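# Architecture and fold: a report
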Amino acid sequence: MRRVTRLVSTVAVTAALALTASACGESSTETADGESPGVGIAFDVGGRDDQSFNEAAARGADQAEEELGISANFQTARNDETDADREQRLTELAQEGYNPVIGVGFLYGNAITRVAEQFPDTTFGVVDAVAEGDNVYSMVFAEHEASYLAGVAAALKTETGKVGFIGGVNIPLIQKFQAGFEQGVNDTDPEVEVDVQYLYADDDRGFTDVAKAKEQADGMLGRDIDVIYSAAGLAGNGSIEEVAGVEGAWAIGVDSDQYLQDGLAEYKDSILTSAVKGVNVAVFDLIQSVHDGEPLNGIGEYTLADEGVWLATSGGFIDDIMDEIDTAREGIISGEIVVNDTP
């Protein structure tokens, strides 16, 4: 189905783990009765019910509970947190014996590097960032490749010749979504206009400000834009809601297959497709590796070629253009199409 394309190395788990913490801050990965309490997951802002990015990570943990019997402790970041706040959250999870400990979101990158050094017997994971440490697994994705396919779909489905992109925060990670989407549109039909807007220049409220996303989408719809792709986490749900109120307009979801999200069920008939990241796949990969005694570390790249990212087909709204989308997908995988990761 899917596979990690590059691992720096794999470190075997020790047969027995210390039961008490050392003075340098090293923590046990077991409780007093000899069993780990499970996996510790620190979400980005928005929490597990954002119907998008965090929700995808949570599904990986849910799968681990169902298939491996491993429970999870979920923690959620607040807006305007500092690195020290994130570091404290990760430290507490490690001290309590959770293994692995996973930071969901690029903002956890620096904190993971520091905390992992203090707890060498615990495996750490970070999504959307590359952190240092022999006991760290960094999960990164080819968002631009899935976004390219979303751009192909948008160009083929627009009736007005105008499509839009709404990014949560104007940072390199979200620019990858923008770059792929724009290229997909332009390669498919250079006559189609792409309107790009960001909710915030440098403020993580861009991933939670539902009202502002609604406002941006409303403005785009008023300019005859009839397909809007939002890469803004929880905030993007506001864009989807606004699009659903306009007949003939389409929303493109992100990270999770948003057509299938219970919290967006009333808008699903307006969700054309979603550019999906297999965050759930990566999270489960890491949890299972620790469970099997062979914890992953290094960098795991999840791409279109190994089904680490993909374009959702739920709802059947892109069935009529699948030949074009499949051609683009094959072109990316073969290397014939090189997708930009910067605008």
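What you are looking at is a predicted structure, and each value in this text was computed from that prediction instead of being measured. (Residues numbered from 1 in each chain as written. Predicted model: local features only at pLDDT ≥ 70, side-chain atom pairs only at ≥ 80, totals over all residues. Heavy atoms only, no water.)

### Quick word on the UniProt feature "domain: ABC transporter substrate-binding protein PnrA-like" (unreviewed entry) in the chain
Under the present numbering, the feature "domain: ABC transporter substrate-binding protein PnrA-like" (unreviewed entry) in UniProt falls on residues 42-341. Secondary structure over residues 42-341 splits into 40% helix and 22% strand, and the C-alpha atoms at its two ends are 27 Å apart. (UniProt positions renumbered as here; feature names shortened; annotations may be inferred. Helix = DSSP H or I, 4+ residues; strand = E, 2+ residues; numbered from the N terminus.)

### Examining the domain arrangement of the chain
Taken domain by domain, the chain holds domain 1 (39-141) and domain 2 (143-276 + 310-334). With centres defined by C-alpha atoms, the gap from domain 1 to domain 2 works out at 27 Å. Across the boundary between the two partners, domain 1 contributes 18 residues, which contact 20 residues of domain 2. Buried area between domain 1 and domain 2, both sides added, is near 1400 Å², and the carbon and sulfur share of it is 48%. (Domains from an automatic or database assignment. Contact = heavy atoms within 4.5 Å. Buried area = accessible area lost by both parts, 1.4 Å probe.)

### Some points on the pairing of strand 9 (residues 227-231)
Side-chain positions along a regular strand alternate between the two faces of the sheet. Across the 5 residues of strand 9, 5 count as buried, placing the element largely inside the fold. By the alternation rule, side chains of strand 9 split into Val227, Tyr229 and Ala231 and Ile228 and Ser230, which are all buried. Judged from the 5 bridges that link them, strand 7 (residues 162-169) and strand 9 form a sheet pairing that is parallel. Residue pairing for strand 9: Ile166 is matched across the bridge by Ser230. Pairing geometry for strand 9 and strand 10 (residues 250-255), over 3 bridges, is parallel. Bridging across to strand 10, Val227 finds its partner in Trp250. Crossover strand 9 to strand 10 through helix 7 (residues 236-244) is right-handed. (Buried < 20%, exposed > 50% of the residue type's maximum accessible area, 1.4 Å probe, protein only. Pairing = 2+ DSSP bridges. Right-handed = clockwise from strand over helix to strand, strands pointing away.)

### Some points on the packing of helix 1 (residues 53-68) against helix 8 (residues 279-291)
When two helices pack together, you describe them by how their axes are tilted relative to each other and by the distance separating the axes. It is the contact of helix 1 with helix 8, at a shortest axis distance of 7 Å, that shows an interaxial angle of 35°. The hand of the helix 1/helix 8 crossing is right-handed. Here Phe53, Ala56, Ala57, Arg59, Gly60, Ala61, Gln63, Ala64, Glu67 and Leu68 of helix 1 lie close against helix 8, whose contacting residues are Val279, Asn280, Val283, Phe284, Ile287, Gln288 and His291. (Axes fitted to C-alpha atoms, helices over the stretch in contact; angles between N-to-C directions. Left-handed = near helix turned anticlockwise from the far one by under 90°.)

### Quick word on the nonpolar core
Counting 105 residues, the largest nonpolar core has Ile102, Phe124, Met139, Ile174, Phe181 and Ile325 as its most contacted members. Residues lining this core come from more than one domain, with at least three contributed by each of domain 1 (39-141) and domain 2 (143-276 + 310-334). Look past the residues within four positions of Phe181 in its chain and what remains in contact with it is Ser147, Tyr148, Ala150, Gly151, Ala154, Val163, Gly164, Phe165, Val194, Tyr229 and Ile252. (Core = buried A, V, L, I, M, F, W, Y, C linked by side-chain atoms within 4.5 Å.)

### Side note on the sheet that holds strand 9
Taking strand neighbours across the sheet as the criterion, the 6 strands line up as 8-7-9-10-11-13 in an open arrangement whose pairing is mixed. Each edge of the open sheet carries a strand with a single partner, namely strand 8 (193-200) and strand 13 (309-311). Taking the axes of each pair of neighbouring strands and ignoring which way they run, one obtains an average angle of 15° across the sheet. By the bridge criterion, 3 bridges tie strand 11 (residues 271-277) to strand 13 in an arrangement that is antiparallel. Following the sheet pairing, Val276 is matched in strand 13 by Trp310.

### With respect to a negative patch on the surface
A contiguous patch of negative charge on the surface is contributed by Asp323, Glu324, Asp326 and Glu330. Examined against the element boundaries, Glu330 turns out to sit in helix 9 (residues 322-334). (Patch = residues over 30% accessible without salt bridge, like charges linked within 9 Å, V, L, I, M, F, W, Y side chains within 5 Å. Areas by Shrake-Rupley, 256 points an atom, 1.4 Å probe, with all protein chains shown as cover. Salt bridge = Lys/Arg side-chain N within 4 Å of Asp/Glu carboxyl O. Lys, Arg positive; Asp, Glu negative; His and termini not counted. Charge placed at Lys NZ, Arg CZ, Asp CG, Glu CD.)

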